[in-house]
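Overview (structure and organization)
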Amino acid sequence: MACFLLSNPSLSSPFLTKKLSIIANSKSPSTVRVLSFRSPRCAGDSRYEGNTPTFPRINVQDPYRRLGVSRDASEKEIWSSRNFLLAQYAPHERSAESIELAFEKLLMDSFVRTKKRKINLKSMLKKQVQESPPWFKNLLGFVEVPPTVIILRRLFLFAFIAGWSIMNSAETGPAFQVAISLGACIYFLNGKKKSLAKASMIGLGLLVAGWICGSFLVPAIPAALLHPSWTLELLTSLVAYVFLFLGCTFLK
């Protein structure tokens, strides 16, 4: 009986503990033998989890209701709800398993929704291109998207030339930098066209188009946004760099 009482904390009390102490200190040999024999088995009993809080929605089938999030919740909100609930009910094994299962289900649903959204966006763009006017389709026929590495390399090259032009704007004009950018554009176009004559014509056309557009766009920029040392020639050359970069990168 002493072992049963010690293994059930709900039945223990100061009075009962005192009574057991009296029994243990009794002179009766049989009583002492029983208590000394039963005590080790009580000390090895499993952990009592009667006071461990249980997740109240442990049996809710809907994973959204189980975690307490809306159906359009983001991944950040799902993670926050999962961490908040585990901080309270992690000691209870079945509660923690229920929370984790709902979390994994919602995370997978979020991934599927994101993937479908990307697919729908791609299909919408494709549909818009198919429904566009013929002249727009013909224009897209001259455009291609190269690998990201190529785009970044050429962007770095023309950005370096633009920075070089800005740094030397107070000393000399950007004529030398413009010549280098034109040569780079013709070099890249020659790799696509396999014809130096075609590449040179396209490169010169891009330079002229950029210079003309820059001549009209630059005067429309408020003077407060421009550095005092930046001349019209410099700003026009910057617009030309953009045309040369786009042409040698995205033209077929």
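1. Describing helix H11 (residues 232–250)
An ideal rise of 1.5 Å per residue puts 27 Å on 19 residues; H11 measures up with 27 Å between its terminal C-alpha atoms. Listing the buried residues of H11 in full gives Leu234, Leu235, Thr236, Ser237, Val239, Ala240, Tyr241, Leu244, Phe245, Gly247, Cys248 and Thr249. For H11, the elements touching its buried residues are helix H8 (148–167), helix H9 (175–193) and helix H10 (196–217).

2. Overview of the nonpolar core
Grouped together as the largest cluster of nonpolar side chains are 19 residues, with contacts concentrated most on Phe158, Cys185, Leu189, Leu207, Leu244 and Cys248. It is H9 that provides the largest number of residues to this core, a total of 7 residues. Residues in contact with Phe158, not counting those within four places in the same chain, are Ser181, Cys185, Tyr241, Leu244, Phe245 and Cys248. Among the nonpolar cores identified, the runner-up in size contains 15 residues, and Tyr64, Leu85, Leu86 and Ala102 belong to it.

3. Looking at the packing of aromatic side chains
In the structure shown here, the tally under the stated rule is 7 aromatic pairs. Ring centres 6.3 Å apart and planes at 40° place the aromatic pair Phe160 and Trp164 in the tilted group. Linking Phe160 with Trp164, this pair stays in helix H8, spanning 4 residues, or about one helical turn. Ring centres of Tyr187 and Phe188 lie 5.6 Å apart, and the angle between their planes is 65°; on these two criteria the pair is classed as edge-to-face. Take Phe188: its relative accessible area is 19%, and that puts it in the buried class. Put simply, the rings of Phe158, Phe245 and Phe250 touch in pairs and so form one group of aromatic residues. Here Arg82 stacks its cationic end above the ring of Phe103, 5.2 Å away from the centre of that ring. Of note, Arg154 hangs over the ring of Phe188, and the distance from its end group to the ring centre comes to 4.2 Å.

4. What about the confidence of the model for the protein?
Residues with a pLDDT of 70 or more make up 70% of the protein, whose mean pLDDT is 76. Throughout residues 1–48 the model reports pLDDT below 50, and contacts reaching past four residues in sequence, or to other chains, amount to 18 contacts.

Conventions adopted
- Residues numbered from 1 in each chain as written.
- Predicted model: local features only at pLDDT ≥ 70, side-chain atom pairs only at ≥ 80, totals over all residues.
- Heavy atoms only, no water.
- Helix = DSSP H or I, 4+ residues; strand = E, 2+ residues; numbered from the N terminus.
- Expected span 1.5 Å × (residues − 1).
- Buried < 20%, exposed > 50% of the residue type's maximum accessible area, 1.4 Å probe, protein only.
- Contact = heavy atoms within 4.5 Å.
- Core = buried A, V, L, I, M, F, W, Y, C linked by side-chain atoms within 4.5 Å.
- Phe/Tyr/Trp six-rings, centres within 6.5 Å; stacked < 30°, edge-to-face > 60°.
- Lys NZ or Arg CZ within 6 Å of the ring centre and 35° of its normal.
- pLDDT = per-residue confidence, 0-100.

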